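The lines below spell out each chain.
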Amino acid sequence: MKRNYTLCKAFIISLATLTMLFGCSKETFLEETIPSGHALKVAALSCTAQTEQTDYSIYRMVSDGTRIGDVMPYYNASDGNFYVYYLKDIWNDATHKRHPWYGFKTTDFYSCSELSAGEILSCSSDACKQNYALGTGNIIKSGSQYYAFYTGHNPNYPSSCVTKKEGIMQATSSSLNANFTHNSSFVTIYPPTGQEFDENDNFRDPYVFYDSGSASYIMLVSARKNVSGIWKGVIVKYTSSNLTGWNYSGVLYDGGTDNFFMMETPEIFKLGSMYYLLFSDINSKYVYYRKSSSVNGPWSLPTGLSRFDGNGFYAAKTASDGTDRYIFGWTNILSGHTDSGSWSWGGNLAVHKIYQKANGDLAVAIPHTLKNKIDTNIHTPVQSSQWGNITVLGGGLSYQLSSPAALDVTNIIYDPIDLARYKIGATVSYSSCNKDFGFMIGACDGYENFYSLRFVPSQNRFSLDKTNRSSLTTTTVAYNDVPIALQPNTNYDIQIVIENSMLVAYINNEVALSSRVYKASNTNWGIFADNSTASFVNIKVTKP
């Protein structure tokens, strides 16, 4: 329902006039010039986070309410499905399980079904076994057999019967939708000895693929090693002709001038003539990549942007259907399911399309099947209020917002969208910017207390900040951000997909920002400009 917009607009016009005459701030005006008993009634804004829901269809979690982590995608050409295996976030629960593998399958990245086989890979109930708990890996097919390479993780290390915390193990199955059986004859792979590796821990996340150039299988493993006197996270390489016997072939990548504690979940894939090495930094939670003309390196940094998402898209791996390649990750929850909570392991599946730019760098976009589905129906936004210098532009909901000074936040606020999942889209540009502009999430007011999903041209980044506006400075560390080159008088297409507490924004179908925002759903939202002049053209809300 429209919330007293006419009264609010009239109040704003009167307030703006008095401000020009007397130089008062809007807060002073509210406190000092509205006589007691005659204050204008302006509808209260809704900015309280809703209780976390579990009915996710885009950003899937398990139907029993369990979260997922460390996803492992596999495309099956015979039925046209992406099989997405994951670590189910249960640990020493009533079933005595520790991160067993389960799976989804999907063709459209909008609807996923759980694999009917249930538990795909089981952990051991023997506290002395290497696979007492499971870590991630991947699945590869050879002949009619599927091979799962995975991390055997035993948290009981060190003990009288557990001398290594992590090792690489193998299981097999004749079907993607069946339980994989641990191969007891496979010799567990541990770090090389006598070569200054961490020989007891930090050896995990195998990724196996076939290299046609060498007619052999290559396995990547995340490890830690003393490199020229400095302990670093490294990615090591093993080779095999038969997926059974493996030979250590040295360090593939040691981070170069960077020192990562662990480069987790590594993967190599090829687009055109370029090879890409993908990994996740355990500390920053960023997904990075390097590129090379050879599967063996050397590996160079991207030409442009260092990454294509923020810290809410982790342990990513890719899979291709032969036409398009997609990157699969997960977005963590926050403790207590509140925006003030701390980072917690486990979350929801998130998927982007990934592609190669002309300069060989990588970029991400909303999957076209998801976009087509979520653009099915139009939801008409209802304006609640506005403040400041606003010019209506032609074509749909289109406005220019101009703010002359810092904290003089020009804004338009809309009523909450009472939908489980929807997309907000617009074309955004700016002619001048001395601070920022963007979208308001969970607006308690229009100038101070809202989450800022914002363009920051001075720092060439797009960020989500949960900090009050008056506390934002040029040194504020963003809750989440992604680099993007920003130029004035340039159009930026933005698409913001929201499902319950999941918020994924795509800018120019080049970078994404995946975040956990408990105030995202069913709260007031809007657009703003702070010490900037920005245009928001054709604001549109769509739903499945």
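If you're wondering where the values come from, they're calculated on a predicted model, not measured in any experiment. (Residues numbered from 1 in each chain as written. Predicted model: local features only at pLDDT ≥ 70, side-chain atom pairs only at ≥ 80, totals over all residues. Heavy atoms only, no water.)

Participant: I keep staring at the state of the cysteines and nothing clicks. Help me out?
Facilitator: Note on terminology: disulfide describes a covalent bond linking the sulfur atoms of two cysteines. Summed over the entire model, instances satisfying the criterion amount to two disulfides. For C47, the disulfide goes to C444, at an S-S distance of 2.0 Å. A torsion of 100° about the S-S bond marks the disulfide between C47 and C444 as right-handed. One end of the pair, C47, is in the loop between α2 (26-32) and β1 (68-76); the other, C444, is in the loop between β25 (421-441) and β26 (451-456), with 397 residues separating them in the sequence. Residue class for C444 comes out partly exposed when judged on its relative accessible area of 25%. Shown here for the protein is a disulfide pattern of 1-4, 2-3, where each number marks a bonded cysteine counted in sequence order. (Disulfide = S-S within 2.5 Å. Helix = DSSP H or I, 4+ residues; strand = E, 2+ residues; numbered from the N terminus. Buried < 20%, exposed > 50% of the residue type's maximum accessible area, 1.4 Å probe, protein only.)

Participant: Teacher, can you tell me more about the sheet that holds strand β6 (residues 145-153) here?
Facilitator: Consider a sheet: its strands pair through backbone hydrogen bonds, and that pairing is either parallel or antiparallel. Ordered in space as β5-β6-β7-β8, the four strands form an open sheet in which the pairing is antiparallel. Two strands lie at the open edges of the sheet, namely β5 (133-142) and β8 (181-182), each paired on one side alone. As defined by bridge partners, β5 adjoins β6 across eight bridges and the pair is classed as antiparallel. Bridge assignment links N138 to a residue of β6, and that residue is F149. (Pairing = 2+ DSSP bridges.)

Participant: Quick question: what am I supposed to make of the confidence of the model for the protein here?
Facilitator: Close inspection of predicted coordinates is inappropriate in any region flagged by low pLDDT. Averaged over every residue, the pLDDT of the protein is 92; residues scoring 70 or more account for 92%. Below a pLDDT of 50 lies the segment residues 1-42, which in the model reaches 48 contacts outside its immediate sequence neighbourhood of four places, other chains included. (pLDDT = per-residue confidence, 0-100. Contact = heavy atoms within 4.5 Å.)

Participant: Is there a simple way to explain the nonpolar core in this structure?
Facilitator: Most often, soluble globular proteins keep nonpolar side chains buried together rather than apart. In terms of nonpolar packing, the biggest core is built from 40 residues, with F439 and F462 touching the most fellow members. If one sorts the elements of this core by residue count, β25 sits on top with eight residues. Dropping the residues within four chain positions of it, F462 is found in contact with L453, R454, F455, N480, D481, V482, I484, I494, A505, I507 and L513. Ranked by size, the runner-up nonpolar core spans 27 residues in total, among them F269, L271, V287 and I327. (Core = buried A, V, L, I, M, F, W, Y, C linked by side-chain atoms within 4.5 Å.)

Participant: What's the story with the environment of V497 in this structure? I'm lost.
Facilitator: Counting through the fold element by element, V497 comes out in strand β29 (residues 492-499). Taking the C-alpha atoms as reference, V497 lies 30 Å from K291; in sequence the two are 206 residues apart. Ignoring any residue separated from it by four or fewer positions in sequence, one finds V497 in contact with I58, Y59, I366, I374, Y422, K423, M502, L503 and V504.

Participant: Hey, could you run me through unusual backbone geometry in this one?
Facilitator: Put simply, Y157 and P158 share a cis peptide bond, and its omega is -5°. With an omega dihedral of 5°, the bond running from G297 to P298 counts as a cis peptide bond. Within the fold, P298 resides in the loop between β15 (287-292) and β16 (314-320). Phi at L243 is positive, roughly 70°, even though this residue is not glycine. Residue position: L243 is located in the loop between β11 (230-240) and β12 (247-253). Overall, the relative accessible area of 0% leaves L243 in the buried class. At N538, a position not held by glycine, the phi torsion is positive, near 55°.

Participant: Got a minute to help me understand the packing of aromatic side chains in this structure?
Facilitator: Each pair of aromatic rings is reported with the distance of its centres and the angle of its planes. For the structure shown, the criterion picks out 35 aromatic pairs. Centre to centre, the rings of W330 and W343 are 6.0 Å apart; their planes meet at 55°, and the pair counts as tilted. Here W330 is found in strand β17 (residues 325-334), whereas its partner W343 is found in strand β18 (residues 343-356), with 13 residues between them in sequence. Residue W330 is classed as buried on the basis of its relative accessible area of 1%. Ring centres 5.3 Å apart and planes at 40° place the aromatic pair Y430 and F437 in the tilted group. Y430 gets classed as buried once you look at its relative accessible area, which sits at 6%. Among the residues examined, F437 registers a relative accessible area of 1% and is labelled buried. An aromatic cluster of three or more residues is present, and its members are Y75, F82, F109, Y326 and F328. Above the plane of the ring of Y102 lies K88, whose end atom (NZ or CZ) is 4.5 Å from the centre. Stacked on the ring of W343, the Lys or Arg K285 has its end atom at 4.7 Å from the ring centre. (Phe/Tyr/Trp six-rings, centres within 6.5 Å; stacked < 30°, edge-to-face > 60°. Lys NZ or Arg CZ within 6 Å of the ring centre and 35° of its normal.)

Participant: Would you mind showing me how to read the pairing of β6 here?
Facilitator: The side chains of a regular strand alternate, first on one face of the sheet and then on the other. Counted residue by residue, β6 has eight buried out of nine residues, so it is predominantly covered. Note: β6 against strand β7 (residues 166-173), eight bridges, orientation antiparallel. Directly across from G152, in β7, lies its bridge partner G167.

Participant: For this particular structure, what's the right way to read the sheet that holds strand β14 (residues 274-281)?
Facilitator: Spatially, three strands are ordered β13-β14-β15 in an open sheet, and the strand pairing comes out antiparallel. Among the strands making up the open sheet, the edge pair consists of β13 (263-271) and β15. If you compare each strand with its neighbour and ignore which way they point, the axes differ by 20° on average. (Axes fitted to C-alpha atoms, helices over the stretch in contact; angles between N-to-C directions.)

Participant: I'm lost on the side chain of D281 in this one. Help?
Facilitator: With respect to the helices and strands, D281 occurs in strand β14. It turns out D281 is buried and unbridged, and the closest side chain with the opposite charge, K285, is 7.6 Å from it. D281 has contacts with F260, M262, Y286, Y288 and Y314, leaving out every residue within four places of it along the chain. (Lys, Arg positive; Asp, Glu negative; His and termini not counted. Salt bridge = Lys/Arg side-chain N within 4 Å of Asp/Glu carboxyl O.)

Participant: Honestly, the pattern of salt bridges in this entry has me stumped. Any pointers?
Facilitator: Between side chains of opposite charge, pairing is possible as soon as their charged atoms come close. Throughout the structure, instances matching the rule amount to 23 salt bridges. One salt bridge connects D465 with R454, and the closest N-O pair in it is separated by 2.7 Å. Of the two residues, D465 is situated in strand β27 (residues 461-465) and R454 in strand β26; the sequence distance between them amounts to eleven residues. With relative accessibility at 0%, the residue D465 sits in the buried group. Using a relative accessible area of 3% as the deciding quantity, one classes R454 as buried. The residue D530 makes a salt bridge to R469 at a minimum N-O spacing of 2.8 Å. Residue D530 is found in strand β32 (residues 525-543), and its partner R469 is found in the loop between β27 and β28 (480-483); the two are separated by 61 residues along the sequence.

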